[in-house]
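Single-letter residue listing:
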Amino acid sequence: MSLLTDLVNLDLSESTEKIIAEYIWIGGSGMDIRSKARTLPGPVSDPSKLPKWNYDGSSTGQAPGEDSEVILYPQAIFKDPFRRGNNILVMCDCYTPAGEPIPTNKRYSAAKIFSHPGVVAEETWYGIEQEYTLLQKDVKWPLGWPVGGFPGPQGPYYCSAGADKAFGRDIVDAHYKACLYAGINISGINGEVMPGQWEFQVGPAVGISAGDELWIARYILERITEIAGVVLSFDPKPIQGDWNGAGAHTNYSTKSMRNDGGYEVIKSAIEKLGKRHKEHIAAYGEGNERRLTGRHETADINTFLWGVANRGASIRVGRETEKNGKGYFEDRRPASNMDPYVVTSMIAETTIIWKP
């Protein structure tokens, strides 16, 4: 095994200029992250200098067998924490050979919203809190839970330390450092209320880069859990009953909200979000109705509520924002399995472009 480890960690820069680029894209379910690697003649730092590539879309539920070619357009480059050196991870989106975005390409529409002059002028900032659950591989039951049984009730696990409370910290810490290495603006991690559940935060990130960074952070986490022999779940309510669900709370601000007088802008943005509550809920992740019950730090899925420092609201405004009269707010509705391209662009569209 040590020889295998040596070969996996081989430093290519000593023997060749060539690099390995891992092309990453989102598959047909909208949550399956796919990737494949290719050799390039030398280091690349600009995605527009990378070649387009293709894959068999009939094997990912994205094209029929008789016309299966889907084209990958490189959009963002990150350093590869697994191969290191000059090797890279490449976030791509997907098109037909004729250059049309395929139906599951959510990045294309998001990029159009983020290039709207009104949105560009507002410099939208996002901070996304990605919750997830680690599961035991063969039984699909949370890490640290007795097989077929339950741990003690919630209370001691949130931000905890200790072998009887915190399960999977090595995975979490490895992921944290790998994301920093990759160039993702990961801003923190913490243990969550349900044992075996954790959270990482990405941001502040501007516009489309929030989606790119969150998807690459998810990919890196999938790879690390693969190495650890643990299953990663983004299900918004992995365990029924008196256990917290998993969300992807999305913190948001515009230039006007961050400037003096921003609190009024925040209140008017929240009012607009309330008017489009149903449309947002429909786009905020599958199975979210199991999570947004009005219990476990959520507002009921059919109710739109906002409040200062209220974790049972749809939208939470921080005490500091209220005190300073400017800042940001948190949309607590998105599920852990949401598509960040959809959620971030929809918030920008509703609060900046949409005129009720």
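Within an unreviewed UniProt entry, the label attached to the protein reads Glutamine synthetase, and the organism entered is Canna indica. The UniProt entry for the protein carries the following text under Sequence similarities (unreviewed entry): "Belongs to the glutamine synthetase family." UniProt, in the comment section headed Subcellular location (unreviewed entry), describes the protein in these words: "Cytoplasm".

Asker: Which residues make up helix α4 (residues 169–182), and what are the values?
Answerer: The terminal C-alpha atoms of α4 lie 20 Å apart, and with 14 residues this matches the ideal 20 Å at 1.5 Å per residue to within 8%. If you follow the buried residues of α4, they end up packed against β4 (69–79), β6 (125–136), β7 (186–191), β8 (197–206), α5 (209–228) and β9 (230–233). Following α4 by one or two positions, Gly183 has its phi on the positive side, about 100 degrees.

Asker: Lay out a nonpolar patch on the surface in plain terms, naming residues and giving numbers.
Answerer: A surface patch of nonpolar side chains, about 370 Å² in accessible area, is lined by Met1, Leu4 and Val8. Tracing the chain through its elements places Leu4 in helix α1 (residues 2–8).

Asker: Residues and numbers for the UniProt feature "domain: GS catalytic" (unreviewed entry) in the protein, please.
Answerer: Look at the UniProt record and you will see "domain: GS catalytic" (unreviewed entry) annotated at residues 106–356. Taken as a whole, residues 106–356 contains 37% helix and 19% strand, while its terminal C-alpha atoms sit 24 Å from one another.

Asker: Run through the environment of Pro51, naming residues and quoting values.
Answerer: Positionally, Pro51 belongs in the loop between β2 (33–40) and β3 (53–56). Pro51 gets classed as partly exposed once you look at its relative accessible area, which sits at 30%. In sequence terms Pro51 and Ala282 are 231 residues apart; their C-alpha atoms lie 36 Å from each other. In this structure Pro51 touches Tyr23, Arg38, Leu40 and Pro74, once residues within four positions along its chain are discounted.

Asker: Talk me through the layout of surface pockets; I want residue IDs and the actual numbers.
Answerer: Taken as a whole, the largest pocket spans an internal volume of roughly 530 Å³. In this structure, the largest pocket is lined by 35 residues; those nearest its centre are Glu129, Glu199, His249, Asn251 and Glu330. The residue makeup of the lining of the largest pocket, split by class, is ten nonpolar, 14 polar and eleven charged.

Asker: Outline the packing of helix α2 (residues 106–114) against helix α10 (residues 340–353), supporting the account with residue identities and numerical values.
Answerer: Here α2 crosses α10 at 30 degrees, and the two axes come no closer than 9 Å. Considering the angle they form, α2 stands roughly parallel to α10. Crossing of α2 against α10: the hand is left-handed. Along the contact surface, α2 presents Lys106, Arg107, Ala110, Ile113 and Phe114, while α10 presents Tyr341, Val342, Thr344, Ser345, Ala348, Glu349 and Ile353. Of the residues in the contact of α2 with α10, the class split is seven nonpolar, two polar and three charged.

Asker: Account for helix α7 (residues 262–275), with residues named and values stated.
Answerer: With 14 residues, α7 ought to run about 20 Å at 1.5 Å a step, and its terminal C-alpha atoms sit 20 Å apart, in line with that. Listing the buried residues of α7 in full gives Gly262, Tyr263, Ile266, Ala269, Ile270, Lys272 and Leu273.

Procedures and definitions
Residues numbered from 1 in each chain as written. Predicted model: local features only at pLDDT ≥ 70, side-chain atom pairs only at ≥ 80, totals over all residues. Heavy atoms only, no water. UniProt positions renumbered as here; feature names shortened; annotations may be inferred. Helix = DSSP H or I, 4+ residues; strand = E, 2+ residues; numbered from the N terminus. Expected span 1.5 Å × (residues − 1). Contact = heavy atoms within 4.5 Å. Patch = residues over 30% accessible without salt bridge, like charges linked within 9 Å, V, L, I, M, F, W, Y side chains within 5 Å. Areas by Shrake-Rupley, 256 points an atom, 1.4 Å probe, with all protein chains shown as cover. Salt bridge = Lys/Arg side-chain N within 4 Å of Asp/Glu carboxyl O. Buried < 20%, exposed > 50% of the residue type's maximum accessible area, 1.4 Å probe, protein only. 1 Å grid on protein atoms, 1.4 Å probe; cavity = no way out; pocket = protein on both sides within 12 Å on 5 of 7 lines; lining within 4 Å. Points joined across faces, edges and corners; volume = space filled by probe spheres on them. Nonpolar A, V, L, I, M, F, W, Y, C, P; charged D, E, K, R; others polar. Axes fitted to C-alpha atoms, helices over the stretch in contact; angles between N-to-C directions. Parallel < 35°, antiparallel > 145°, perpendicular 65-115°, else oblique. Left-handed = near helix turned anticlockwise from the far one by under 90°.

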